[in-house]
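Geometric and topological summary
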Amino acid sequence: MGATGRLVALEGIDGCGKTTQARLLAEAVGVEPTAEPGATPVGGALRRVLLDPALPELVPRTEALLMAADRAEHVARVIAPALQAGAWVVTDRYSGSTLAYQGHGRGLGLDDLSWLVAWATGGIQADLSVLVAVDVDTALARAAARVATVDRMERLGVDFQRRVAAGFAAMAAADPERWVAVDGTGTVPEVAAAVRTAVADRLGDPPGGWR
Ligand code: TYD
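This write-up is about the structure you can find in this document.

What counts and how
Residues numbered from 1 in each chain as written. Predicted model: local features only at pLDDT ≥ 70, side-chain atom pairs only at ≥ 80, totals over all residues. Heavy atoms only, no water. Salt bridge = Lys/Arg side-chain N within 4 Å of Asp/Glu carboxyl O. Helix = DSSP H or I, 4+ residues; strand = E, 2+ residues; numbered from the N terminus. Buried < 20%, exposed > 50% of the residue type's maximum accessible area, 1.4 Å probe, protein only. Axes fitted to C-alpha atoms, helices over the stretch in contact; angles between N-to-C directions. Parallel < 35°, antiparallel > 145°, perpendicular 65-115°, else oblique. Left-handed = near helix turned anticlockwise from the far one by under 90°. Contact = heavy atoms within 4.5 Å. Nonpolar A, V, L, I, M, F, W, Y, C, P; charged D, E, K, R; others polar. Core = buried A, V, L, I, M, F, W, Y, C linked by side-chain atoms within 4.5 Å. Pairing = 2+ DSSP bridges.

1. Structural notes on the pattern of salt bridges
Charged atoms that come close allow side chains of opposite charge to pair. Applying the stated criterion to the full structure yields 9 salt bridges. A salt bridge links R6 to D127, with the shortest nitrogen-to-oxygen separation between them at 3.7 Å. Taken together, the residues R6 in strand β1 (residues 6-11) and D127 in the loop between α5 (110-121) and β4 (128-133) connect sequence positions 121 residues apart. Across the pair R162 and D137 runs a salt bridge, and its minimum N-O distance is 3.7 Å. Placement of the pair is R162 in helix α7 (residues 158-174) and D137 in helix α6 (residues 136-144), with a sequence separation of 25 residues. R162 gets classed as partly exposed once you look at its relative accessible area, which sits at 40%. What emerges from the salt-bridge pattern is a single network uniting E57, E63 and R106.

2. Re the packing of helix α1 (residues 18-29) against helix α8 (residues 188-203)
Packing of α1 against α8 leaves a shortest axis separation of 10 Å and a crossing angle of 55°. If you check the angle between α1 and α8, you find them oblique. With respect to the hand of their crossing, α1 and α8 are arranged in right-handed fashion. Counted together, T20, Q21, L24, L25 and A28 of α1 and V188, V191, A192, V195, R196 and V199 of α8 form the full contact between these two elements. Residues that form the contact of α1 with α8 fall into these classes: 8 nonpolar, 2 polar and 1 charged.

3. Things to note about the nonpolar core
Core analysis: the biggest nonpolar cluster contains 41 residues, and L10, I13, L25, V130, F168, V195 and V199 have the highest contact counts within it. Once residues within four sequence positions are removed from consideration, L10 is found in contact with K18, Q21, A22, L25, V90, T91, D92, R93, V130, V132 and V195. A9, V75, I79 and L83 belong to the second-largest nonpolar core, a separate cluster that totals 9 residues.

4. Some remarks on helix α4 (residues 95-105)
Most of α4 sits out of view: 10 of its 11 residues are buried. Every buried residue of α4 is listed here: S95, G96, S97, T98, L99, A100, Y101, Q102, G103 and G105. Buried-residue contacts for α4 involve β1, α3 (60-84), α5, α7 and β5 (179-183). Downstream of α4 by one or two residues, G107 has phi in the positive range, about 90°.

5. Here we look at the packing of α3 against α4
Contact pair α3 / α4: the axes reach a minimum separation of 11 Å and the direction vectors enclose 175°. Accordingly, the angle class assigned to the pair α3 and α4 is roughly antiparallel. On the side of α3, the interface is formed by E63, A64, M67 and R71, while α4 contributes S95, T98 and Q102. A per-class count over the contact of α3 with α4 returns 2 nonpolar, 3 polar and 2 charged.

6. Observations regarding the environment of L131
Structurally, L131 can be placed in strand β4. Given the relative accessible area of 7%, L131 is considered buried. Between the C-alpha atoms of L131 and V180, which are 49 residues apart in sequence, the distance is 6.1 Å. Every residue in contact with L131, bar those within four places of it in the chain, is listed here: E11, G12, F168, A169, A172, W179, V180, A181 and V182.

7. Observations regarding the sheet that holds β5
Strands belonging to one sheet form pairs held by backbone hydrogen bonds; the direction of such a pair is parallel or antiparallel. Reading across from one edge, β2-β3-β1-β4-β5 is the order of the 5 strands in this open sheet, with parallel pairing throughout. The outermost strands of the open sheet, each flanked by one partner alone, are β2 (34-35) and β5. Taken together, the 5 bridges between β4 and β5 define a ladder with parallel strand orientation. Its bridge partner lying in β5, S129 is registered against W179. Along the sheet, α3 contacts β1, β2 and β3 (88-92); its crossing angle with β3, the most-contacted strand, is approximately 145°.

That's the geometry; what it means functionally is another story.
If you want it as C-alpha cells, here you go:
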C-alpha cells in the first residue's frame with residue numbers, strides 16, 4: 001500500500017465551537033481546514049439550497065440526499081486526493097453530522113443513512129471523529145450571539161438540537177475506536193489543547209510533526 005493520510009472530523013451541534021477548533025487543529029497539523037457542507041464549487045451551490053432560509057423547507061430525504069451529494073463532491077475532489085497523497089485532512093463536519101441531524105434530528109432511519117453515507121463517500125470513514133461536547137443551552141447562547149448568520153438548520157429549535165446532541169453523544173459512546181468526545185466548555189485554547197491531545201493519542205504525529 002502507498003502513503004495514506006488520516007481524516008479527522010470535528011463534530012458537534014451548532015454553536016459548539018467546532019469551526020474554531022477545526023481551524024486550530026488544522027494549523028497544528030500544518031494543513032488548511034476543510035468543511036461541510038460547501039467546500040467545493042458544487043458543494044457551495046448545494047449549501048445555498050440547504051441553508052437558505054428564503055427557500056421552502058426541504059423534505060428530510062431531500063436534505064439527506066443533498067448533504068450526501070455535497071459529501072460525495074468533497075470526498076472526490078478534496079479528501080480522497082489528499083489522503084492518497086499521504087496528507088492529513090481536518091474537516092469541520094463529516095458523516096457523523098448526517099447521522100446526527102438527518103437521523104437523530106429529522107428521524108430518518110439510521111441504517112438507511114449509514115448506507116447512503118458509505119455510498120456517497122466510497123467507504124472513506126473518518127479515522128477519528130472528535131465530538132466537541134457542549135450542552136445545548138450553552139451552544140444556543142453562542143449561536144444567538146451571531147444572529148446575522150443564523151441559517152435554516154439553526155432555526156430548528158431546542159428540541160431538535162437536543163436530539164442532535166443526544167445522537168452525537170450516543171455515536172461517540174458506541175464507537176470509542178473512531179470517536180472521542182472532548183469537553184467543549186473551556187476556553188478556546190483549553191479545548192484546542194484537549195482536541196490535539198486526543199488526536200495525538202489516537203493517530204500519532206502528522207507528517208512533519210505538530211506545529
Ligand atoms: P455548519 O457549516 O457547520 O454550520 P455553521 O455555518 O453554523 O458553522 O453546518 C451547517 C448546518 O448543516 C448545520 O446546522 C448542520 C447541518 N448539517 C446537517 O444537517 N447534515 C450534515 O451532514 C452536515 C454536514 C451538516
